[in-house]
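Here are the chains, one letter per residue:
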Amino acid sequence: MLNSIYPDLILPGQGNLIAQVNGFTFAVEASQVDINYFLLLEENDFDSEPAEIFTEMELSDDKVTLVGFSSKDRRELYKSLKNVPGIGTKSALIILDSGDVTDILRAVSGKETDFLREVPGVGPKRIESIFKELEKKYSTALPKPVPVRVS
């Protein structure tokens, strides 16, 4: 299993990242937030330590998809979202773009359905399913809801 990669070069793709690692080139699906994060790192050429792309490999009958994240927390949230019936790779990545992991989990703990209402393809029933799955996964680690709505 490929848990993370340390690319020598990161380039923008068409809605994804192109990562070159030891002479191999990978197309890495990612949320727009993660794409922007890695492109900013590459643009500014931070030499302090190499970029690490946390990955999840998905296998289907006809292809292998490598999905990348800027943190382990984002990868774990993605994996939890994928357990929700009707949530695929693209939907899970769009949901990740709706806020920081902590913001999403605060919305869950505060039952703020409006937080995800603007996500394309995610209606009230799906939001309820997402909240149930995340409450189950993060039952002991949900942050306290904030007294004002998260937006």
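Further up the page is the structure itself.
First things first, this report covers the structure right here in the doc.

**Describing the packing of helix α2 (residues 72-82) against helix α3 (residues 89-96)**
No. 1: Direction vectors running N to C along α2 and α3 enclose 130°, while the axes themselves pass 9 Å from each other. By the angle class used here, α2 and α3 are oblique. In the packing of α2 onto α3, the handedness of the crossing is right-handed. Between α2 and α3, the residues in contact are Arg 74, Leu 77, Tyr 78, Leu 81 and Lys 82 and Thr 89, Ala 92, Leu 93, Ile 95 and Leu 96, respectively.
No. 2: Partitioned by chemical class, the residues of the contact of α2 with α3 number 7 nonpolar, 1 polar and 2 charged.

**Points about the pattern of salt bridges**
A side chain of one charge can pair with a side chain of the opposite charge if their charged atoms are brought near each other.
No. 1: Applying the stated criterion across every chain yields a total of 9 salt bridges.
No. 2: Of the charged contacts, one joins Asp 34 and Arg 74 as a salt bridge, the two residues approaching to 2.9 Å between their closest N and O atoms. One end of the pair, Asp 34, is in helix α1 (residues 32-44); the other, Arg 74, is in helix α2, and 40 residues separate them in sequence. Considered together, Asp 34 and Arg 74 belong to a single accessibility category, that of buried residues.
No. 3: The closest approach of N and O atoms between Lys 137 and Glu 76, which form a salt bridge, is 3.9 Å. Within this pair, whereas Lys 137 is found in helix α6 (residues 124-137), its partner Glu 76 is found in helix α2, the two being separated by 61 residues in sequence.
No. 4: Residue Lys 137 is classed as partly exposed on the basis of its relative accessible area, which comes to 43%.
No. 5: Each of Arg 75, Glu 76, Lys 79 and Lys 137 takes part in one network of salt bridges that share partners.

Rules used throughout
- Residues numbered from 1 in each chain as written.
- Predicted model: local features only at pLDDT ≥ 70, side-chain atom pairs only at ≥ 80, totals over all residues.
- Heavy atoms only, no water.
- Axes fitted to C-alpha atoms, helices over the stretch in contact; angles between N-to-C directions.
- Helix = DSSP H or I, 4+ residues; strand = E, 2+ residues; numbered from the N terminus.
- Parallel < 35°, antiparallel > 145°, perpendicular 65-115°, else oblique.
- Left-handed = near helix turned anticlockwise from the far one by under 90°.
- Contact = heavy atoms within 4.5 Å.
- Nonpolar A, V, L, I, M, F, W, Y, C, P; charged D, E, K, R; others polar.
- Salt bridge = Lys/Arg side-chain N within 4 Å of Asp/Glu carboxyl O.
- Buried < 20%, exposed > 50% of the residue type's maximum accessible area, 1.4 Å probe, protein only.

Any functional reading would require information that these geometric values do not contain.
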